[in-house]
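Survey of secondary and tertiary structure
Residues per chain, in single letters:
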Amino acid sequence: MNVPNRLTILRVIMIPLFVVAMLWESLPYSDYIALVLFAGACITDFFDGYLARKYNQITTFGKFMDPLADKLLVCAALICFLADANPEMPAWAVIIIISREFIISGFRLVAAEKGITIAASYWGKVKTVVQMIMSILLIIHFNHPVFRIIDAIFIYAAVILTVISLIDYIYKNREIMKDVK
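Summarised in this report is the structure supplied together with it. It should be emphasised that the depicted structure is a prediction, and the values quoted were computed from it without experimental measurement. (Residues numbered from 1 in each chain as written. Predicted model: local features only at pLDDT ≥ 70, side-chain atom pairs only at ≥ 80, totals over all residues. Heavy atoms only, no water.)

**A word on the packing of helix 4 (residues 91-113) against helix 5 (residues 122-140)**
The test is simple: Working convention: axes come from line fits to C-alpha atoms, limited for helices to the stretch in contact. Angles between N-to-C directions cover 0 to 180 degrees. Numbering of helices and strands starts at the N terminus; helices are DSSP runs of H or I of at least 4 residues and strands are runs of E of at least 2. By convention, the crossing between two helices is left-handed when the near helix turns anticlockwise from the far helix through less than a right angle, and right-handed when the turn is clockwise. Only heavy atoms matter for contacts: two residues are in contact if any of them lie within 4.5 Å across the pair. Gly falls in the polar group here, along with every residue not listed as nonpolar (Ala, Val, Leu, Ile, Met, Phe, Trp, Tyr, Cys, Pro) or charged (Asp, Glu, Lys, Arg).
Running from N to C, helix 4 and helix 5 point in directions that differ by 145°, and their axes come no closer than 13 Å. In this structure, the crossing between helix 4 and helix 5 has a hand that is left-handed. Across the interface between the two elements, Ile97, Arg100 and Glu101 of helix 4 pack against Gly124, Lys127 and Gln131 of helix 5. For the contact of helix 4 with helix 5, the class distribution of residues is one nonpolar, two polar and three charged.

Now the structure itself:
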């Protein structure tokens, strides 16, 4: 197994640790631990893609697992924000973001049945970066009006990019859905 794929697996392993840190309030420094775990997982996302492209180590496993690991990480954070009753994160935004991830995952399964592996798109990558920045800001949770505005900007940007990336993804791959019974 190559290094990029190991980094993807590491990111998946970090997700339950992040969730424990987010939800276990009696854990000393739980917010800081959650922040380090989430940011560390985001960094592995950057490096696994960078190394895979640089050393031509792009694999079918990586094309499938890298975006899935991203989805799991962001969705885990969103669910934790709701469980933690984070007032900055509206439930409707979480529903839109998670719904998009389910739709795209289903779309990829149909493609895989046809022997097609679909890599992440430009809009999907931008969406993921904005969602990760949004999540980091919400984990930090600065209690200042300026940061609440910044949080809201990133939440709305994440939702808008989520919808744009969904439309782009389906439009570019619409041929896959032909002959689906």
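Next comes the rest of the write-up.
**Description of the environment of threonine 44**
As a reminder, the rule being used: Residues adjacent in sequence count toward polar contacts only when both atoms are side-chain atoms; beyond that, a polar contact is any pair of N or O atoms within 3.5 Å, and within protein one must be able to donate a hydrogen and the other to accept it.
Relative to the assigned elements, threonine 44 resides in helix 2 (residues 30-54). Along the sequence, threonine 44 and isoleucine 9 sit 35 residues apart, while their C-alpha atoms lie 9.5 Å from each other. In this view, threonine 44 contacts Leu7, Leu10 and Arg11; residues no more than four positions away in its chain are not counted. Side-chain polar atoms of threonine 44 contact the side chain of arginine 11, separated by 3.2 Å.

**Looking at the nonpolar core**
In a soluble, globular protein the nonpolar side chains are often hidden away together inside. Selection criterion: To qualify as a nonpolar core, a set must consist of buried Ala, Val, Leu, Ile, Met, Phe, Trp, Tyr and Cys residues joined through side-chain atoms within 4.5 Å. Relative accessibility thresholds used throughout: buried, under 20% of the residue-type maximum; exposed, over 50%; partly exposed, between the two (1.4 Å probe, protein chains only).
If you look at the biggest cluster of nonpolar residues, it comprises 32 residues, and the most contacted ones within it are Phe18, Phe38, Leu78, Phe81 and Met89. At the level of elements, helix 1 (3-23), helix 2, helix 3 (60-83), helix 4, helix 5 and helix 6 (145-172) are the ones that each hand at least two residues to this core. Setting aside residues no more than four positions away along its own chain, methionine 89 makes contact with Leu78, Phe81, Leu82, Val94, Met134, Leu138 and Ile155. Of all hydrophobic cores here, the second largest spans seven residues; its members include Phe107, Ala111, Leu166 and Ile176.

**Comments concerning a nonpolar patch on the surface**
Inclusion rule: To count toward a patch, a residue needs a relative accessible area above 30% and no salt bridge. Like charges then connect within 9 Å, nonpolar side chains (Val, Leu, Ile, Met, Phe, Trp, Tyr) within 5 Å. Using the Shrake-Rupley algorithm and a 1.4 Å probe, accessible areas are obtained, with residue cover drawn only from the displayed protein chains. Salt bridges are defined as contacts in which a side-chain nitrogen from Lys or Arg sits within 4 Å of a carboxyl oxygen from Asp or Glu.
Among the surface-exposed residues, Trp92, Ile96, Tyr122, Trp123, Tyr156, Ile160, Val163, Ile164 and Ile167 lie close enough to one another that they form a single nonpolar patch of about 870 Å² accessible area. Elements with a contribution of two residues or more to the nonpolar patch: helix 4, helix 5 and helix 6. Considering every element that reaches the nonpolar patch, the biggest residue donor is helix 6, with five residues.

**Let's talk about helix 6**
Put simply, the test is: Multiplying 1.5 Å by the helix residue count minus one yields the expected span of that helix.
When the terminal C-alpha atoms of helix 6 are compared, their 40 Å separation across 28 residues agrees well with the 40 Å that a helix rising 1.5 Å per residue should span. Buried within helix 6 are the following residues: Asp151, Ile155, Ala158, Val159, Leu161, Thr162, Ser165, Leu166, Asp168 and Tyr169. Looking at the packing, one finds that the buried side of helix 6 touches helix 4 and helix 5.

**Quick notes on the pattern of salt bridges**
Evaluated as defined, the whole model comprises nine salt bridges. Its salt-bridge partner being lysine 71, residue glutamate 101 comes within 2.8 Å of it at the nearest N-O pair. On the criterion of sequence distance, the pair formed by glutamate 101 in helix 4 and lysine 71 in helix 3 is long-range, its members being 30 residues apart. Per residue, the accessibility class of glutamate 101 equals that of lysine 71, and both read buried. Residue lysine 172 pairs with aspartate 168 through a salt bridge whose shortest N-O separation is 3.3 Å.

**Side note on the packing of aromatic side chains**
What counts is decided by this rule: Aromatic rings from Phe, Tyr and Trp, with only the six-membered ring used for Trp, were paired whenever their centres fell within 6.5 Å, and each pair was classed as stacked if the ring planes differed by under 30 degrees, edge-to-face if by over 60, and tilted otherwise. Look at NZ for Lys and CZ for Arg. If either is within 6 Å of the ring centre and within 35 degrees of the ring normal, a charge sits over the ring.
Under the definition given, this model contains eight aromatic pairs. Relative to tyrosine 156, the ring of tryptophan 92 has its centre 5.7 Å away and its plane inclined at 50°; by these criteria the two rings are tilted. On the criterion of sequence distance, the pair formed by tryptophan 92 in helix 4 and tyrosine 156 in helix 6 is long-range, its members being 64 residues apart. With relative accessibility at 38%, the residue tryptophan 92 sits in the partly exposed group. Relative to tyrosine 169, the ring of phenylalanine 107 has its centre 5.7 Å away and its plane inclined at 70°; by these criteria the two rings are edge-to-face. One end of the pair, phenylalanine 107, is in helix 4; the other, tyrosine 169, is in helix 6, with 62 residues separating them in the sequence. Residue classification places phenylalanine 107 among the buried positions, given a relative accessible area of 6%. Through successive ring pairs, a cluster of aromatic residues spans Phe46, Phe47 and Tyr50. A cation over a ring is seen here: arginine 174 above tyrosine 171, with NZ or CZ 4.0 Å from the ring centre.

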